[in-house]
Protein chains: 2
Amino acid sequence: MPRIAYVNGRYVAHREAAVHVEDRGLQFADAVYEVCEVRGGRLIDEHRHMARLDRSLGELRIRPPMTSAALGVVLREVVRRNRVIEGIVYLQVTRGVAPRDHGFPAAAVRPGVIVTARAMPLAPRDARAKRGVSVITVADNRWQRVDIKTTGLLPNVLAKEKARAASAFEAWFVDEDGYVTEGTSTNAWIVTTDGAVVTAPTDRGILSGITRAVLLDVLRRRDLRLEERRFALAEARGAREAFLTSATTAVTPIVRIDGRAVADGRPGRVASELRQALREAAEVAPAWSGPRNPGRSDI
Amino acid sequence: MPRIAYVNGRYVAHREAAVHVEDRGLQFADAVYEVCEVRGGRLIDEHRHMARLDRSLGELRIRPPMTSAALGVVLREVVRRNRVIEGIVYLQVTRGVAPRDHGFPAAAVRPGVIVTARAMPLAPRDARAKRGVSVITVADNRWQRVDIKTTGLLPNVLAKEKARAASAFEAWFVDEDGYVTEGTSTNAWIVTTDGAVVTAPTDRGILSGITRAVLLDVLRRRDLRLEERRFALAEARGAREAFLTSATTAVTPIVRIDGRAVADGRPGRVASELRQALREAAEVAPAWSGPRNPGRSDI
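Notes on the structure in this doc start here. Counting starts from 1 at the beginning of each chain's written sequence and moves along it residue by residue. The naming scheme follows written order: chains are lettered A onward, ligands numbered 1 onward. Side-chain atom pairs in this predicted model are given and counted only at pLDDT of 80 or more, local residue features only at pLDDT of at least 70, and totals for whole chains, interfaces and linings cover all residues. Think of the side-chain values as coming from all heavy atoms in the structure, minus any hydrogens and water.

## A word on the overall build of chain A
Reasoning step 1: Strands are runs of DSSP state E lasting at least 2 residues, helices are runs of H or I lasting at least 4, and numbering of each runs from the N terminus. From N to C terminus, chain A includes 8 helices and 18 strands.
Reasoning step 2: The globule rule used here is 2.2 Å times the number of residues to the 0.38 power, and the radius of gyration it is set against is calculated over C-alpha atoms. Relative to a compact globule of 299 residues, whose C-alpha radius of gyration would be 19 Å, chain A shows 20 Å and is just as compact.
Reasoning step 3: Each of the three principal axes of chain A carries a C-alpha extent, and together these read 55 × 40 × 35 Å.
Reasoning step 4: Contacts: residue pairs with any heavy atoms within 4.5 Å of one another. Taking as baseline every contact in chain A between residues at least 6 positions apart, the subset at least 24 positions apart corresponds to 73%.
Reasoning step 5: Only the protein chains shown count as cover for residues, and the accessible areas themselves come from Shrake-Rupley with a 1.4 Å probe. For chain A, the computed accessible surface area is about 12,000 Å², with 50% contributed by carbon and sulfur atoms.
Reasoning step 6: Here chain A carries 47 positive and 36 negative side-chain charges, and the mean point of each set is 5 Å from the other. Positive charge is attributed to Lys and Arg, negative charge to Asp and Glu, and no charge count is given to His or to the chain ends. Where a charge lies is defined by one atom per residue type: Lys uses NZ, Arg uses CZ, Asp uses CG and Glu uses CD.

Shown next, in the form of structure tokens:
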């Protein structure tokens, strides 16, 4: 079955899915994105992702290319056409195509929209969470607006590659004061020796993760102490547990930081329980349903 | 005459010049670029641009897509096919196309190469320099590796747009200590009240501009005091002259900073002289010559 992508109003064969070389996403990283998990063929937490996309677009003054509802239809249609049951759908919105010039193009320029989907079986991800993962740490050298989910991801790319070279799964950014901000594509959490679950606040220096937000809701409903505050790398090293969250990793325990075991070096009980609780708490969208796609189809 | 672009080995109609949606330049800003001036149909300072490109690629460990000599042939061929006499040629190299994953793709993935050219008559640019331009200032919120000429330009885009909204030509980034680092696409200079020509050093926080480097050579050969050091915004406001440099602006006098006149609010004598001296000093490549293009032609 050929893969299908949605690009600027058309469903096209994935191998032919292309954007113009003067798309501002390519020339300026003038673009934002979302990655939504697909489980049982359904979008997870679609409304939260759409709300965050709206915020990102608003911060950059990129015109929303269509309503959230219409975008949702496109996302589901791409999932459906690719027969994705467990996997992800990727959505990118750019400021559109215009002759290269740093300032914004004319208001009439249409934002670009790209949607792709791919299978990513859950079982290996569950197995990885059972084993736990390693993280390394790198200096947080990113720009100051990482709260906007832009495609300006090169610092994240370089950090992730460094993690891979160290046989680690993720890299944690550490700011100049020694605080862990977040991972390259995940939020960072610890469970302190006295049992508090801690993650950095979103007021500056991190992206407001969707899975992070859902997990906060879960925590508020449970008998667990929650602290939204900065935590230093030193505190993480001495923590009882550490874990990371994202759409594709859900809650995944961290067992090593910079090569040193966290506690006894095995996935923590709290993280493992929260992984299960998160799965039950996610908002699940209707599967492959609703009005049919608003774009023109070439397939 | 239809415009022609070069994309990944082929000369194609500009309107059809496209890259795959999973090009890492589009999804991660995992790409670098150069903009080279064309004058009399010839590339200006080609070798310095190629050397900087090599450095950018090396810093990011992107494999050079071809030799600098071969790239130069492509640049000249694109200039020739578009009949550009006065204008620019734009070169972008990406890490290539691969399924989305932050870490580097397999070494076999071929880097992407995009070259476009366009006319940009000199007369209006000369007229603009005669009038002088305005700059505004914005907080420098960029990542710490702006010495690499990456396409992660969103902070520059936002700052340039802010300048435009204020009817200014450029925005200067000012760091948290109050020092002017550089403009969004230009280097920043002042002439002090005692006649020294000052620009920030390249050791951190700025891109090593090609026009900046050529001008430094010019200054070293002339009877002018040169100081490569940081300068504060306050010093710039009280300077005798201010100006900016880049491939497309050459030396362009600044007459207003944040709406306040620099000295008497007219282009300075030193800047105006340096604009002329720079023009004479640039290294000019052969026009539309050398071996023919190494890529396959579809035109």
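## A short note on the relation of the copies chain A and chain B
Reasoning step 1: Our superposition of the copies is a least-squares fit, built on the C-alpha atoms of residues whose pLDDT is at least 70 in both. Once chain A has been moved 0.0 Å along the axis and rotated by 180°, it coincides with chain B to within an RMSD of 0.0 Å. Taken together, the turn and the small shift mark the pair as related by a two-fold rotation axis.
Reasoning step 2: The fraction of interface residues of chain A whose copies in chain B are also interface residues reaches 100%, indicating that both copies meet through the same surface.

## Digging into the interface of chain A and chain B
Reasoning step 1: Each partner contributes residues to the interface: chain A has 53 residues there, and chain B has 53 residues.
Reasoning step 2: Salt bridge, as used here, is a side-chain nitrogen of Lys or Arg placed within 4 Å of a carboxyl oxygen of Asp or Glu. Connecting chain A to chain B are 2 salt bridges.
Reasoning step 3: As a salt-bridge pair, Arg164(A) and Asp101(B) come within 3.0 Å of each other at their nearest N and O atoms.
Reasoning step 4: In protein, a polar contact requires one atom able to donate a hydrogen and another able to accept it; more generally it is a pair of N or O atoms within 3.5 Å, and residues adjacent in sequence count only if both atoms are side-chain atoms. Remark: the boundary between chain A and chain B carries 24 residue pairs in polar contact (both at pLDDT 80 or more).
Reasoning step 5: When residues in the side of chain A that touches chain B are grouped by element, the largest group, 8 residues, is from helix 5 (residues 154-165) of chain A.

## Section: the packing of aromatic side chains
Residues and elements named next belong to chain A.
Reasoning step 1: Pairing of aromatic side chains here covers Phe, Tyr and the six-membered ring of Trp, requires ring centres within 6.5 Å, and sorts the geometry by plane angle: under 30 degrees stacked, over 60 edge-to-face, intermediate tilted. All chains considered together, the criterion is met by 8 aromatic pairs over all chains.
Reasoning step 2: Remark: a charge is flagged as sitting over a ring if the NZ atom of Lys or the CZ atom of Arg is within 6 Å of the ring centre and within 35 degrees of the ring normal. In this structure, Arg95 packs its charged tip against the face of Phe104, placed 3.6 Å from the ring centre.
Reasoning step 3: Between the NZ or CZ atom of Lys160 and the centre of the ring of Phe169, over which it lies, the distance is 5.7 Å.

## Section: unusual backbone geometry
All names here are of chain B.
Reasoning step 1: At Arg83, a position not held by glycine, the phi torsion is positive, near 55°.
Reasoning step 2: Tracing the backbone through its elements, the reader meets Arg83 in the loop between helix 3 (68-81) and strand 6 (87-94).
Reasoning step 3: The cut-offs for exposure are 20% and 50% of the maximum accessible area for each residue type, with area from a 1.4 Å probe on protein chains only; residues under the lower value are buried, those over the upper are exposed, and the others partly exposed. Arg83 sits in the partly exposed class, given a relative accessible area of 49%.
Reasoning step 4: For Ala250, which is not a glycine, the phi torsion comes out positive at approximately 55°.
Reasoning step 5: For Ala250, the location among the structural elements is in strand 16 (residues 250-257).
Reasoning step 6: Given a relative accessible area of 14%, Ala250 falls into the buried group.

## Thoughts on the side chain of Thr184(B)
Reasoning step 1: Along the chain, Thr184(B) turns up in the loop between strand 10 (179-183) and strand 11 (187-191).
Reasoning step 2: A polar side-chain atom of Thr184(B) sits 3.1 Å from a polar atom in the side chain of Lys160(B).
Reasoning step 3: Not counting chain neighbours up to four residues away, the residues in contact with Thr184(B) comprise His102(A), Asn156(B), Ala159(B), Lys160(B), Glu170(B), Ala171(B) and Phe173(B).

## Quick notes on helix 4 (residues 122-131) of chain B
Note on helix geometry: an α-helix contains 3.6 residues per turn, so any two residues three or four positions apart are oriented the same way.
All names here are of chain B.
Reasoning step 1: Among the residues of helix 4, Leu122, Arg125, Arg128 and Ala129 are the ones counted as buried. Considered in projection along helix 4, the buried side chains sweep an arc of 120° and stay on one side of the axis. Residues of helix 4 that are exposed and angled more than 90 degrees away from the buried face: Ala123, Lys130 and Arg131.
Reasoning step 2: On its buried face, helix 4 sits against strand 4 (31-39), strand 6, strand 8 (133-139), strand 16 and helix 8 (269-281).
Reasoning step 3: Once helix 4 ends, the next one or two residues include Gly132, with phi positive near 85°. In this description, the arc belongs to the directions extending from the helix axis to the C-beta atoms.

Spatial relationships are all this shows, so hold off on functional conclusions.
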